[in-house]
There are 2 protein chains.
Amino acid sequence: MKQVNFTEAMSLWRIPERLILVTSLDQEGKPQVITVGWKMRTSFNPPMFAIAIGQKRYIHNCIAETKDFVIAVPGADLARETLLCGEPGTVLENRFEKCSFISQKGAFVKSPLIENCIVNLECEVVERIPSGDHSIFIGKVMASWIKEEPTKNLILVGPESGYQVLVEQEPYRLGIVKD
Amino acid sequence: MKQVNFTEAMSLWRIPERLILVTSLDQEGKPQVITVGWKMRTSFNPPMFAIAIGQKRYIHNCIAETKDFVIAVPGADLARETLLCGEPGTVLENRFEKCSFISQKGAFVKSPLIENCIVNLECEVVERIPSGDHSIFIGKVMASWIKEEPTKNLILVGPESGYQVLVEQEPYRLGIVKD
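First things first, this report covers the structure right here in the doc. (Residues numbered from 1 in each chain as written. Chains lettered and ligands numbered in written order. Predicted model: local features only at pLDDT ≥ 70, side-chain atom pairs only at ≥ 80, totals over all residues. Heavy atoms only, no water.)

1. What to know about the layout of surface pockets
Note the following rule: Cavities and pockets were defined on a 1 Å grid built over protein atoms only: a cavity is a set of grid points that admits a 1.4 Å probe from which the probe cannot escape, a pocket is an open set flanked by protein on both sides within 12 Å along at least five of seven lines, and lining residues are those with an atom within 4 Å of any such point. Grid points are joined across faces, edges and corners, and a volume is the space filled by probe spheres set on the points. Secondary structure elements follow DSSP: runs of H or I no shorter than four residues count as helices, runs of E no shorter than two count as strands, and numbering proceeds from the N terminus. All amino acids are sorted into three groups, where Ala, Val, Leu, Ile, Met, Phe, Trp, Tyr, Cys and Pro are nonpolar, Asp, Glu, Lys and Arg are charged, and the leftover types, Gly among them, are polar.
Considered as a void within the structure, the second largest pocket measures approximately 400 Å³ in volume. Forming the walls of the second largest pocket are 23 residues, and the residues nearest its centre are A:Ser11, A:Leu12, A:Ile15, A:Gly158 and A:Glu160. Mapped by element, the contributors of at least two residues to the lining of the second largest pocket are β14 (172-177) of chain A together with β14 (172-177) of chain B. Residue classes in the lining of the second largest pocket are distributed as 14 nonpolar, 5 polar and 4 charged.

2. Brief notes about unusual backbone geometry
Residues and elements named next belong to chain A. Cis peptide bonds are those with omega within 30 degrees of zero, and the linkage from Glu170 to Pro171 qualifies with 0°. Mapping Pro171 onto the fold places it in the loop between β13 (163-169) and β14. In this model, Ser100 sits at a positive phi of 55°, which is unusual for a non-glycine residue.

3. A look at the packing of aromatic side chains
How we decide: Classification of ring pairs rests on two measures: the distance between centres of Phe, Tyr or Trp rings, Trp counted by its six-membered ring, which must be within 6.5 Å, and the angle between planes, read as stacked under 30 degrees, edge-to-face over 60 and tilted in between. Each residue is assigned to one of three classes by its accessible area relative to the maximum for its type, calculated with a 1.4 Å probe on protein chains only: buried under 20%, partly exposed between the two thresholds, exposed over 50%.
Tallying each qualifying case throughout the model produces 8 aromatic pairs over all chains. Centre to centre, the rings of A:Trp13 and B:Phe49 are 5.8 Å apart; their planes meet at 20°, and the pair counts as stacked. Placement of the pair is A:Trp13 in the loop between α1 (6-11) and β2 (17-18) and B:Phe49 in strand β6 (residues 48-54), with the two residues belonging to separate chains. Each member of the pair A:Trp13 and B:Phe49 is classed as buried. When the centroid spacing of 4.8 Å and the interplanar angle of 55° are considered together, the rings of A:Phe44 and B:Trp38 count as tilted. Taken as a pair, A:Phe44 in the loop between β5 (39-43) and β6 (48-54) and B:Trp38 in the loop between β4 (31-36) and β5 (39-43) lie in two separate chains rather than in one. Residue classification places B:Trp38 among the buried residues on the basis of a relative accessible area of 12%.

4. Some thoughts on helix α2 (residues 58-66) of chain A
All names here are of chain A. Put simply, the rule is: Within this analysis, the arc is defined by the directions that extend from the helix axis to the C-beta atoms. What makes two residues a contact is simply this: any of their non-hydrogen atoms within 4.5 Å.
Regarding α2, the residues found buried are Ile59, His60, Cys62, Ile63 and Thr66. Buried positions in α2, seen along its axis, are confined to an arc of 165° and lie on one side of it. Tucked inside the fold, the buried residues of α2 contact β3 (20-25), β4 (31-36), β6, β7 (68-73), β10 (119-131) and β11 (134-146).

5. Focus: the sheet that holds strand β2 (residues 17-18) of chain B
All names here are of chain B. Here is the rule: Whether two strands pair depends on DSSP finding at least two bridges between them.
Strand order in the open sheet formed by 4 strands is β2-β12-β14-β13, with antiparallel pairing between adjacent strands. On the outer flanks of this sheet lie β2 and β13 (163-169), each paired with one strand and no other. Sheet topology places strand β12 (residues 155-156) next to β14; 2 bridges connect them, and they run antiparallel. The residue of β14 that forms the bridge with Leu156 is Leu174.

6. Quick word on the relation of the copies chain A and chain B
Quick note on the threshold: Superposing the copies works by least squares over the C-alpha atoms of residues that have pLDDT at least 70 in both of them.
Between chain A and chain B, which share one sequence, the superposing operator has a rotation angle of 180° and an axial displacement of 0.0 Å; the RMSD is 0.0 Å. Taken together, these values place the two copies in the relation of a two-fold axis. Relative to the rotation axis, the closest C-alpha in chain A is found at A:Met40, a distance of 3.0 Å.

7. Side note on helix α2 (residues 58-66) of chain B
On its buried face, α2(B) sits against β3 (20-25), β4, β6, β7 (68-73), β10 (119-131) and β11 (134-146) of chain B. At the exit of α2(B) stands B:Lys67, carrying a positive phi of roughly 60°.

8. A short note on the environment of B:Ile51
Of note, B:Ile51 is situated in strand β6. Distance from B:Ile51 to B:Trp13, taken between C-alpha atoms, is 19 Å for residues 38 residues apart in sequence. Excluding its chain neighbours within four sequence positions, the residues that come into contact with B:Ile51 are A:Met40, B:Ile20, B:Val22, B:Trp38, B:Lys39, B:Ile63, B:Phe69, B:Ile71, B:Ser135, B:Ile136 and B:Phe137.

9. Description of the pattern of salt bridges
Basically, it comes down to this: Salt bridge, as applied in this entry: a Lys or Arg side-chain nitrogen positioned within 4 Å of an Asp or Glu carboxyl oxygen.
Summed over the entire model, instances satisfying the criterion amount to 12 salt bridges over all chains. The closest approach of N and O atoms between B:Glu17 and A:Arg18, which form a salt bridge, is 2.9 Å. With B:Glu17 in strand β2 and A:Arg18 in strand β2, this residue pair bridges two chains. When its relative accessible area of 13% is taken as the criterion, B:Glu17 is described as buried.

10. Some points on the sheet that holds β13(A)
Spatially, the 4 strands line up as an open sheet ordered β2-β12-β14-β13 (chain A), and their pairing is antiparallel. One side of each edge strand has no neighbouring strand; the edge strands of this open sheet are β2 and β13 of chain A.

11. Looking at the interface of chain A and chain B
Keep this limit in mind: In this description, buried area is defined as the sum, over both parts, of the accessible area (probe of 1.4 Å) that is lost when the two are combined. What qualifies as a polar contact is a pair of N or O atoms within 3.5 Å, subject to a donor-acceptor requirement within protein and to the restriction that residues adjacent in sequence count only when both atoms come from side chains.
Between chain A and chain B, the residue contacts involve 68 residues of the former and 68 residues of the latter. Taken together, the two surfaces of chain A and chain B that pack against each other cover about 5,900 Å², and 68% of this comes from carbon and sulfur. On inspection of chain A and its partner chain B, the count reaches 2 salt bridges. Counting every contact that joins chain A to chain B gives 24 residue pairs in polar contact (both at pLDDT 80 or more). Here the side of chain A that touches chain B takes 8 residues from β11(A), the largest share from any one element. Among the residues making up the side of chain A that touches chain B, the classes are represented as 40 nonpolar, 14 polar and 14 charged. As defined by bridge partners, strand β1 (residues 2-4) of chain A adjoins β11(B) across 3 bridges and the pair is classed as antiparallel. Within β11(B), the position partnered with A:Gln3 by the bridge is B:Trp145.

Here it is, written out as structure tokens:
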């Protein structure tokens, strides 16, 4: 073993990482969406999730205000859209429109579901914890939705064989595990 | 879209999930280790990670006491060991010995590094937050280590093609992405 810097260590095990979209509403009621890799389950019963959102992202304060969010899981058909929603972006652009996302009202939360996604989880924020340059939002899953004909999970992939790259923009490659 | 129960929704996007081992020390100074799927990065600068540990697991209180832990990333050669360390287990067994793990002293933390792993991250606990039946431990990465000749990331895989299953025990399949 040898001691290295953190970035070098991460490069060894960052892949594959499943990606999600997170939605919320801003103060004007406009739907907001962001691509998130940093998420994890945090409880079996009740089912809960945590997501980490950069404190400078516009959607950060939307989630803090509405106190709910939706985890929307993109399939292989949303590679381009998921790349786009990961860009820093501006407040003014309407990503929902730009991505042709069809929003649907949830059963419990104010944040919109994305009908184009393979899974949607409605989450109620139970806590927000600052962590360095991000905030961790802990959400309790209130309702779950699936698409009747789901495509494969979209993931962050590496240059190795075994993956099919669907869209690429340095330093990100999005794709799926090859059949 | 249709509304379903949470378990059905999760079955659509749980795979692939990277797995880690988390180590700590108990009150007698004995090394403890557990397999964890629920982990995420939570900050770029400083680098931080969150892990979710079941409140009933023995190692839960060890981490709460020592206030540090090590994220040790198993490669393809540790499939059997990673499966074993995910079992509920007993306090008495010595998993480090059972798995032939070689422990190494870290540069900052009390919890042991695992020399057999491809990456080791020394983490200092900055906060513990209860979340349902688990606790979230937020750790600041103090030092990073890599193995000179790493094998592939070990992941939780599904029954689909594209994965090579290395070890299996219902409901878990551990393996790698096929070349």
